[in-house]
Amino acid sequence: MRIVIIDDEPKIRKGLGKILSRHPGWYVAASFAEAESAMEYLAREDADVVITDIHMPEVTGLELIEGLRGVCRTAAFVILSGYARFEYAQRAIDLGVKKYLMKPTSPEELTQALEQIEADRAAAASAPAPAQSQVSNLLVRRAQEYIDLHYRSRCSLREVADALYISPNYLSNLFRKHTGMRFSDYLLEVRMEKSRQYLMDVHYRVGDVSALVGFGDPRYFSATFRKKYGMTPLEFRNHYAAGTAGGAAGPV
């Protein structure tokens, strides 16, 4: 896949390029510090994936995506942002953004997002997608994005349903139908995955991770983590540290 990176932070651009270039079949064709140069480039050159920040000088990432929609018809857009604002995620979904990732993101989360895009492109090329309700899918995607942005808080089914102006029962049924999961199970999956990412970053203390992922009781968090991963959060931190002693890339 040809990838274009747009972010006004040199460290972020360099880190993303290093991570993505290691993946077989992926090529970072260009990177830009601001949107206007990227728009000029993408008007001439093709890209399979465009990764952009939201807040940049002059033109925002959302404005860039809106402006490029008529030019880059086949490109998949990924937003990498430090701003957990639901209205941004809603607008991103309306623009067809494939993934809204929060900074700092881990190499694993970024790679998984692009691998999913690559798999979706391959599936779309080989077979027509099944007919689905676009409105229902959009509501579920917005619910998922809300969870991704607010997993640190209580984030109940009713809270998300209220944000989407639908009933909790309707959202619950839609969620199970389109994801195969209960709302609560998806929320737990997000919290567990985020906790792994925090534990892999030594800047966060193990004792603080439970609150960072929305658990009020550290003991319950530890028990839940152990049930899912077969080890306590501290054991996971030590295991990961031992496995990356050679110097793996950290969050970007």
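The structure displayed is predicted, hence computed values, not measured ones.

Trainee: Please explain the packing of aromatic side chains as it appears in this structure.
Mentor: Any two aromatic rings considered together are summarised by their centre-to-centre distance and by the angle between their planes. In this structure the tally under the stated criterion is ten aromatic pairs. Ring geometry for Phe-215 versus Tyr-220: centroids 5.6 Å apart, planes at 50°, classification tilted. Aromatic pair Phe-225 and Tyr-229: ring centres 4.7 Å apart, planes at 50°, arrangement tilted. Here Phe-225 pairs with Tyr-229, and both are found in helix H11 (residues 218-229), just four residues apart, close to one helical turn. By way of ring pairs, the aromatic residues Phe-215, Tyr-220, Phe-221, Phe-225, Tyr-229 and Phe-236 are connected into one cluster. Cation over ring: Lys-228 sits above Tyr-229, and NZ or CZ is 5.6 Å from the ring centre.

Trainee: Quick question: what am I supposed to make of helix H3 (residues 61-68) here?
Mentor: At 3.6 residues per turn, the α-helix brings residues three or four places apart onto the same side. Those residues of H3 not exposed but buried are Gly-61, Leu-62, Leu-64, Ile-65 and Leu-68. End-on, the buried residues of H3 take up no more than an arc of 160°, which puts them together on one face. Residues of H3 that are buried in the fold lie against strand S1 (2-6), helix H2 (35-44), strand S3 (49-52), strand S4 (76-81) and helix H4 (86-94).

Trainee: Got a minute to help me understand unusual backbone geometry in this structure?
Mentor: Apart from glycine, the bulk of residues carry a negative phi angle, and the bulk of peptide bonds sit in the trans form. Phi at Cys-155 takes a positive value of approximately 50°, unusual for a residue other than glycine. If you trace the backbone, Cys-155 turns up in the loop between helix H6 (134-150) and helix H7 (157-164).

Trainee: Is there a simple way to think about the nonpolar core in this case?
Mentor: Nonpolar side chains tend toward joint burial in soluble globular proteins. If you look at the biggest cluster of nonpolar residues, it comprises 59 residues, and the most contacted ones within it are Leu-64, Phe-77 and Tyr-100. Top contributing element to this core by residue count: helix H9 (residues 183-199), with seven residues. Contacts of Leu-64, omitting those with residues within four sequence positions, involve Ile-6, Ala-35, Ala-38, Met-39, Val-59 and Phe-77. Listed in part, the 18 residues of the second largest apolar core include Met-1, Ile-12, Val-78 and Leu-101.

Trainee: Whenever I open this one, the environment of Glu-40 confuses me. Can you help?
Mentor: Along the chain, Glu-40 turns up in helix H2. Among the residues examined, Glu-40 registers a relative accessible area of 52% and is labelled exposed. Along the primary structure Glu-40 and Leu-68 are separated by 28 residues, whereas in three dimensions their C-alpha atoms are 9.8 Å apart.

Trainee: What exactly am I supposed to notice about the pattern of salt bridges here?
Mentor: Charged atoms that come close allow side chains of opposite charge to pair. Per the stated rule, a full pass over the model turns up seven salt bridges. Measuring nitrogen to oxygen at the nearest pair gives 2.9 Å for the salt bridge that ties Lys-228 to Glu-189. Residue Lys-228 is found in helix H11, and its partner Glu-189 is found in helix H9; the two are separated by 39 residues along the sequence. Arg-205 is paired through a salt bridge with Asp-208; the nearest N and O atoms lie 3.0 Å apart.

Trainee: How do you make sense of the sheet that holds S3 when you look at a structure like this?
Mentor: In sheet architecture, strand pairing relies on hydrogen bonds along the backbone and comes in two forms, parallel and antiparallel. What the five strands build is an open sheet, ordered S2-S1-S3-S4-S5; its pairing is parallel. The open sheet terminates on both sides in strands that have one partner only, identified here as strand S2 (27-32) and strand S5 (99-102). Between one strand axis and the next, the sheet turns through 20° on average, direction left out of account. Bridging between S3 and S4 involves four bridges; their strand directions are parallel. Bridged to Val-49 within S4 is Ala-76.

Calculation rules
Residues numbered from 1 in each chain as written. Predicted model: local features only at pLDDT ≥ 70, side-chain atom pairs only at ≥ 80, totals over all residues. Heavy atoms only, no water. Phe/Tyr/Trp six-rings, centres within 6.5 Å; stacked < 30°, edge-to-face > 60°. Helix = DSSP H or I, 4+ residues; strand = E, 2+ residues; numbered from the N terminus. Lys NZ or Arg CZ within 6 Å of the ring centre and 35° of its normal. Buried < 20%, exposed > 50% of the residue type's maximum accessible area, 1.4 Å probe, protein only. Arc of directions from axis to C-beta. Contact = heavy atoms within 4.5 Å. Core = buried A, V, L, I, M, F, W, Y, C linked by side-chain atoms within 4.5 Å. Salt bridge = Lys/Arg side-chain N within 4 Å of Asp/Glu carboxyl O. Pairing = 2+ DSSP bridges. Axes fitted to C-alpha atoms, helices over the stretch in contact; angles between N-to-C directions.

The analysis is restricted to geometry; functional conclusions fall outside its scope.
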